[in-house]
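The lines below spell out each chain.
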Amino acid sequence: MSATVDDRPLLSVRGLGKRYGTQVGCRDVGFDLWPGEVLGVVGESGSGKTTVLDCLSGRVTADGGQVAYTKADGSVVDVRRLDEAARRRLLRTEWGLVHQHAREGLRMNVSAGANVGERLMALGARHYGRVRARALDWLARVEIGESRIDDLPETFSGGMQQRLQIARNLVTEPRVVLMDEPTGGLDVSVQARLLDLLRGLVEDLGLSAVIVTHDLAVARLLAHRLLVMRGGEVVESGLTDQVLDDPQHPYAQLLVSSVLQP
Amino acid sequence: MTHYNFAYLDEQTKRMIRRAVLKAVAVPGYQVPFGSREMPLSYGWGTGGVQVTASVIGPTDVLKVIDQGADDTTNAVSIRKFFARTTGVATTTSTEAATLIQTRHRIPETALREGQILVLQVPIPEPLRWLEPREAETRKMHALEEYGVMYVRLYEDITRHGRVAQTYEYPVIVDGRYLMRPSPIPKFDNPKLDRSPALLLFGAGREKRIYAVPPWTAVKSLDFDDHPFEVEHWDRPCDLCGARGAFLDELIVDDKGGRLFICSDTDFCARRRPAADPPRAMW
């Protein structure tokens, strides 16, 4: 890990909280994300994992807290206090967002190539041939055949749609990728391939990522560090192997021991 | 005449529409909302254009009304008669003689000049409408200049058809800022929008929007560097007047496959023909 090289975390979250009426979404969530690091957020359904991710991306407005982000130019901004124009620009350029359901993250009625090219064109690419070449390159990197570039995502399998969504996000080489259950709803062999792919991409590109998952095996494979959430709060955090092999908090112990061993 | 206010609309309404027009001229390409009135013609027949025309017309104006380039189709005749009755202004079919032209679907072939006003009837003003159904979201996209999705559409066209297949309502960027839908004119007319000496006003009655391209404003049709914008062209001249480089309509003349290609701009075509030629229209 390059944590020792850079002296500042990419993302520094403090006291993030969100209530839905009287219901607690998340409370006092804090963590640092260092360059090149993958942070896993695990916990049972309803523990506030997705709320944390939505607060980060601005899809949900947090009630309080601070999300300090170190931009590519070195300046530090509080993402929660950015105006909408700057926040949307950030999400298009330096950040990527991979949804649990590919349908939410893709344009289903345009071809795979257009899906991958959209972010490029939004950032000012005006050369059809070059956009298409970049799209082809990225489709190859996520193992989608060249011949499928003009097909609609509708005709893709679930795993391919998920890979297309990843290509669509990574084409502009974002620095931070937020992923919500990237392997959710896929069968195990497809999951395994997607995990291999993600691991390769994260290493090649030096990406930083926050990955929300309920699947401890996914967390084990991808994440360098883990946050364990329960009832909207972080109950344990640490290195992935440490948390999974020697959980301290009773809930973390329960979570780890609940995994079926085939 | 005595039963109606000048140009049908009451003075308060005209002032409201003029304020919207002024704002539209001040912010080229931006869609200004206005309080569209019920007009004595149905939506889709030019209620927006008629209201804009009614608000800017004066007693000394000379009015021309065209529909698909023709001065003698139902819509053009009705609207021209409407203003002749409610204002008493002079009407004409000559593009050069007119000071105010209301049009649907075409910009005249004869070059416009400074001081003229062209009013275009608009069915759907929002260029992003079929890509983004939410009005709040499209307004935000305009505000933040997020027009990438429009290029996605062009990309799809080139991918599927080898070229941009859109032939009318071809999207443009006005003054380097706002994305604009230039009403259903053929893309053939898009170059006439660019640095037009005449003031171009767009009125959408049902959608309650007015927008404008002030004289000499840059208007650029969207394209890719390697797929530049192109207009339609015909490899034959007009069968009536012999004009080349004009927008031609295909006309089926018998049941044996006979057809004519003639100028869609009837005034332009008639003026090019010898005086002895048969009647000005053939249908």
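Being a predicted model, the structure only gives us computed values, none of them experimental.

Looking at the sheet that holds strand β5 (residues 76–78) of chain A
All names here are of chain A.
Phase 1 of the analysis: The strand order across the open sheet formed by four strands is β2-β1-β4-β5, and the pairing between neighbours is antiparallel. The open sheet is flanked by β2 (23–33) and β5, the only strands paired with a single partner. Pairwise comparison of adjacent strand axes, ignoring direction, gives a mean angle of 20 degrees for this sheet.
Phase 2 of the analysis: Summarising the sheet, strand β4 (residues 64–70) and β5 pair through three bridges and their orientation is antiparallel. Residue Tyr69 lies in a different strand from β5, and its bridge partner there is Val77.
Phase 3 of the analysis: The strands that helix α1 (residues 49–57) touches are β1 (11–20), β2 and β4; relative to β1, the one it contacts most, it runs at about 115 degrees.

Quick word on the packing of aromatic side chains
Phase 1 of the analysis: Taken as a whole, this structure holds 13 aromatic pairs over all chains when the rule is applied.
Phase 2 of the analysis: Judged by centre distance (4.8 Å) and plane angle (65 degrees), the rings of B:Tyr170 and B:Phe229 are edge-to-face. You can see B:Tyr170 sitting in the loop between α5 (148–161) and β6 (172–174) and its partner B:Phe229 sitting in the loop between β10 (219–221) and β11 (248–252), a full 59 residues away along the chain.
Phase 3 of the analysis: For B:Tyr170, a relative accessible area of 2% puts it in the buried group.
Phase 4 of the analysis: Centroid distance B:Trp234 to B:Phe247: 5.0 Å. Interplanar angle 80 degrees. Geometry classified as edge-to-face. With B:Trp234 in the loop between β10 and β11 and B:Phe247 in the loop between β10 and β11, this pair connects stretches of sequence that are 13 residues apart.
Phase 5 of the analysis: We classify B:Trp234 as partly exposed; its relative accessible area is 26%.
Phase 6 of the analysis: Take B:Phe247: its relative accessible area is 13%, and that puts it in the buried class.
Phase 7 of the analysis: Three or more aromatic residues joined by ring pairs make a cluster, and in this case those are A:Tyr128, B:Tyr151, B:Tyr155 and B:Phe224.

Observations concerning the pairing of β4(A)
Residue and element names in this part refer to chain A.
Phase 1 of the analysis: Bridge count between β1 and β4: five bridges; the pairing is antiparallel. Across the sheet, the residue bridging to Val13 is Val67, located in β4.
Phase 2 of the analysis: Connecting the antiparallel pair β4 and β5 is a turn made up of five residues, with Gly74 showing a positive phi of about 95 degrees.

Here's the deal with the sheet that holds strand β7 (residues 178–180) of chain B
Residues and elements named next belong to chain B.
Phase 1 of the analysis: As summarised here, the arrangement of the three strands in space is β7-β6-β10, forming an open sheet in which the pairing is antiparallel. Looking at which strands have only one partner, the edges of the open sheet turn out to be β7 and β10. Strand-to-strand twist across the sheet, computed as the mean angle between neighbouring axes with direction ignored, equals 30 degrees.

Points about the confidence of the model for chain B
Phase 1 of the analysis: Here chain B averages 93 in pLDDT, while 96% of its residues score no lower than 70.
Phase 2 of the analysis: Reported confidence for the predicted complex is 0.86 by ipTM and 0.87 by pTM.

Let's talk about the confidence of the model for chain A
Should the pLDDT be low somewhere, the predicted coordinates at that spot are not to be read in detail.
Phase 1 of the analysis: On average, chain A scores 90 in pLDDT, and the residues at 70 or more come to 97%.
Phase 2 of the analysis: Note that residues 1–5 of chain A has pLDDT below 50 and, in this model, five contacts with residues that lie over four places away or in other chains.

Details of the interface of chain B and chain A
Phase 1 of the analysis: Taken together, the contact between chain B and chain A spans 20 residues of the former and 23 residues of the latter.
Phase 2 of the analysis: The contact between chain B and chain A buries some 1800 Å² in all, and 59% of this surface belongs to carbon and sulfur atoms.
Phase 3 of the analysis: Our enumeration of links across chain B and chain A arrives at four salt bridges.
Phase 4 of the analysis: Between A:Arg88 and B:Glu137 there is a salt bridge whose closest N-O contact spans 2.9 Å.
Phase 5 of the analysis: Looking at the side of chain B that touches chain A, the elements with two or more residues in it are α4 (135–143) and α5 of chain B.
Phase 6 of the analysis: The biggest single contributor to the side of chain B that touches chain A is α5(B), with nine residues.
Phase 7 of the analysis: Of the residues in the side of chain B that touches chain A, the class split is nine nonpolar, three polar and eight charged.

Rules used in this analysis
- Residues numbered from 1 in each chain as written.
- Chains lettered and ligands numbered in written order.
- Predicted model: local features only at pLDDT ≥ 70, side-chain atom pairs only at ≥ 80, totals over all residues.
- Heavy atoms only, no water.
- Pairing = 2+ DSSP bridges.
- Helix = DSSP H or I, 4+ residues; strand = E, 2+ residues; numbered from the N terminus.
- Axes fitted to C-alpha atoms, helices over the stretch in contact; angles between N-to-C directions.
- Contact = heavy atoms within 4.5 Å.
- Phe/Tyr/Trp six-rings, centres within 6.5 Å; stacked < 30°, edge-to-face > 60°.
- Buried < 20%, exposed > 50% of the residue type's maximum accessible area, 1.4 Å probe, protein only.
- pLDDT = per-residue confidence, 0-100.
- Buried area = accessible area lost by both parts, 1.4 Å probe.
- Salt bridge = Lys/Arg side-chain N within 4 Å of Asp/Glu carboxyl O.
- Nonpolar A, V, L, I, M, F, W, Y, C, P; charged D, E, K, R; others polar.

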